[in-house]
Amino acid sequence: KDSIKIYTQRIGEPAKKWAAFSLAESYYDRNGKAEKYPDFSVNKEYPQVKEQWMVQTGAGIYCSPAVENDRVFVGDDMGRLTAYALKNGRKLWSFASGKRIIGTPAASEGVVVFGSADRRIYGLSAEDGSLLWRVEAEAPVLGAVSIDKGIAYIGDGNGMFRAIDIHTGKLVWTYAGAKGYIETKPLVTEDKVIFGAWDNTLYALNKQDGKELWKWTGGLTRLHFSPAAVWPVAAHGKVFITDPQRAMTAIDLQTGNTVWRTFRSMVRETIGISEDGERIYSKTMNDSIVCYATRSDVPQQLWASDVGFGYEHAPSMQVEKEGVMFGSTKEGLIFALEARTGRVLWKHKIGNSLISTVVPRGRHEVVFTTTGGETGLLKVKSPARTKIME
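Fair warning: this is a prediction, and the values are worked out from it, not measured in the lab. (Residues numbered from 1 in each chain as written. Predicted model: local features only at pLDDT ≥ 70, side-chain atom pairs only at ≥ 80, totals over all residues. Heavy atoms only, no water.)

**Q** Any chance you could explain the overall build of the protein here in plain terms?
**A** A tally of helices and strands in the protein yields one helix and 34 strands. Relative to a compact globule of 390 residues, whose C-alpha radius of gyration would be 21 Å, the protein shows 22 Å and is just as compact. Taken along the three principal axes of its C-alpha coordinates, the protein extends 70 × 70 × 45 Å. Each of the 390 residues in the protein was classed as buried or not, and the buried ones make up 53%. Restricting the contact set of the protein to residue pairs at least 6 apart, pairs at least 24 apart contribute 45%. (Helix = DSSP H or I, 4+ residues; strand = E, 2+ residues; numbered from the N terminus. Rg over C-alpha atoms; globule rule 2.2 N^0.38 Å. Buried < 20%, exposed > 50% of the residue type's maximum accessible area, 1.4 Å probe, protein only. Contact = heavy atoms within 4.5 Å.)

This is how it looks when you write it as structure tokens:
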């Protein structure tokens, strides 16, 4: 009733007391001026951005939301997959898996698919959360899901990659060639599915049968340099990735050969692509967003924008919608840039927790999740229209 005690314990060893704090005594001068933390002053600079709704889930959220029609689907660290109404955040239903959900779910054709650390992949009814099917795995399933034409693609913690019919749960094919665990959201192209793993390797498989087409390592020699957290994108015959070695790379889509690789911008594990496929975006490790051309066979920077978010390494991707590029940071900031120029349109502080890849619903709405356990919807008020008198 009067204290909090904290212990650390290594498995197989006795617990060691780390710290203790009184709940009765004060650790600060109540008459002094307390610093407000986090600092929300940036929200006053951009009053057009408002939180339409925000839910405190009570559990950490380490994946992005999935949105289909009028519903938002969120997995959390307690193993729950919960559906919320997009309009107002009202909880519609919740399904409990056996362990934590790390990978971003996907929803399509009325089916929600996600993996769980309980070594299963689930397919639920988006309408009421009822279980439609589940697939057993031999390892925790931490991968994000991509769905294309009724097929879900997902990797697990044992390097196994699966293609699953979302309506029946039937395995279409499996690939067991990866040597590290898979967490990324796979890229599905016309005839390929591409993903990285924590084994220094980017894989390209035949979408129809799962046969390996090529592997790329780019000379990476350390596991922590793996292109495993980035969500690959593709345009003009090239696949684009970033990796923890702080490089951006273009890879030939057909052969897996490196087209170009640059360390110029000090990017890390984030990437995004414009809706027309002409530009890729990435977040540098200090303050800036950079934009490169996708057509060029050499690294061609189009613009760089100082957003002012400070030191940054969160693997949250950039997403363009209706001419606006959206991004987020480890310090709870969501921001929007003019996609063609990099001009900062607005910034909004949610808190101090990492914000995963956001899901824009047009240029004026953004769905988000935070590791602190919040999920919500930002709305951006349109600027007043100016009448032109002829």
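What follows picks up the thread again.
**Q** Sorry, what's going on with the sheet that holds strand β20 (residues 233-235) here?
**A** What links the strands of a sheet is backbone hydrogen bonding, and the strands pair in either a parallel or an antiparallel sense. Read from one edge of the open sheet, four strands run β20-β21-β22-β23, paired in antiparallel fashion. Edge strands, defined here as strands with exactly one partner in the open sheet, are β20 and β23 (258-262). For this sheet, the mean inter-axis angle between neighbouring strands, taken without regard to orientation, is 20°. Here β20 runs beside strand β21 (residues 238-243); their pairing, made up of three bridges, is antiparallel. Paired with V233 across the strands is F240, a residue of β21. (Pairing = 2+ DSSP bridges. Axes fitted to C-alpha atoms, helices over the stretch in contact; angles between N-to-C directions.)

**Q** Explanation requested: the pairing of strand β17 (residues 192-197) in the structure shown.
**A** Walk down a regular strand and you will see the side chains alternate between the two sheet faces. Along β17, six of the six residues are buried, which leaves the element largely enclosed by surrounding structure. Residues K192, I194 and G196 point to one face of β17 and V193, F195 and A197 to the other, with burial holding for every one of them. By the bridge criterion, two bridges tie strand β16 (residues 187-188) to β17 in an arrangement that is antiparallel. Counted as the bridge partner of L187 is I194 from β17. Relative to strand β18 (residues 201-206), β17 runs antiparallel, the two being bridged by six bridges.

**Q** Help me understand empty space enclosed by the protein, please; the structure alone is not making it clear to me.
**A** Empty pockets left among the atoms are what a rolling probe the size of a water molecule brings to light. Applying the stated criterion across every chain yields a total of one cavity of 30 Å³ or more. Computed from the structure, the largest cavity encloses a volume of approximately 30 Å³. In terms of lining, the largest cavity is formed by R268, E269, T270, K283, T284, M285, E312, H313 and A314. A class-by-class count of the residues in the lining of the largest cavity yields two nonpolar, three polar and four charged. (1 Å grid on protein atoms, 1.4 Å probe; cavity = no way out; pocket = protein on both sides within 12 Å on 5 of 7 lines; lining within 4 Å. Points joined across faces, edges and corners; volume = space filled by probe spheres on them. Nonpolar A, V, L, I, M, F, W, Y, C, P; charged D, E, K, R; others polar.)

**Q** What is the right way to look at the confidence of the model for the protein in this model?
**A** Detail in the predicted coordinates should be disregarded across regions flagged by low pLDDT. Confidence in the prediction for the protein averages 94 pLDDT; 95% of positions are at 70 or higher. Segment residues 384-390: pLDDT under 50, and zero contacts once partners within four positions in sequence are set aside and those in other chains are kept. (pLDDT = per-residue confidence, 0-100.)

**Q** I tried to follow unusual backbone geometry on my own but got confused; where do I start?
**A** One can expect most non-glycine residues to show negative phi and most peptide bonds to be in trans. Phi at K149 is positive, roughly 50°, even though this residue is not glycine. Assignment of secondary structure puts K149 in the loop between β12 (146-148) and β13 (151-155). With a relative accessible area of 74%, K149 lands in the exposed category. Its identity is not glycine, yet D287 carries a phi of approximately 80°, on the positive side. Relative to the helices and strands, D287 is located in strand β26 (residues 286-293).

**Q** Is there a simple way to think about the environment of G157 in this case?
**A** Along the polypeptide, G157 turns up in the loop between β13 and β14 (161-165). Residue classification places G157 among the partly exposed residues on the basis of a relative accessible area of 29%. Expressed as a C-alpha distance, the spacing of G157 and P140, which sit 17 residues apart in the sequence, is 5.3 Å. Not counting the four nearest positions on each side in its chain, G157 is found in contact with A139, P140 and Y181.

**Q** Explain the layout of surface pockets to me, please; I cannot follow it from the model alone.
**A** Within this model, the largest pocket holds a volume of roughly 960 Å³. Along the walls of the largest pocket sit 37 residues, with K185, W231, V319, T357 and V359 positioned nearest its centre. Listed by contribution, the elements that provide at least two residues to the lining of the largest pocket are β4 (66-68), β8 (106-108), β12, β16, β20, β24 (272-273), β28 (319-321) and β32 (359-360). Classifying every residue of the lining of the largest pocket by side-chain character gives 22 nonpolar, nine polar and six charged. Considering only enclosed or pocket space, the second largest pocket measures out at about 470 Å³ in volume. Forming the boundary of the second largest pocket are 22 residues, of which Y62, I102, E183, A229 and P315 lie nearest the centre. Of the residues in the lining of the second largest pocket, the class split is twelve nonpolar, eight polar and two charged.

**Q** What's the story with the sheet that holds strand β19 (residues 212-216) in this structure? I'm lost.
**A** Spatially, the four strands line up as an open sheet ordered β16-β17-β18-β19, and their pairing is antiparallel. Among the strands making up the open sheet, the edge pair consists of β16 and β19.

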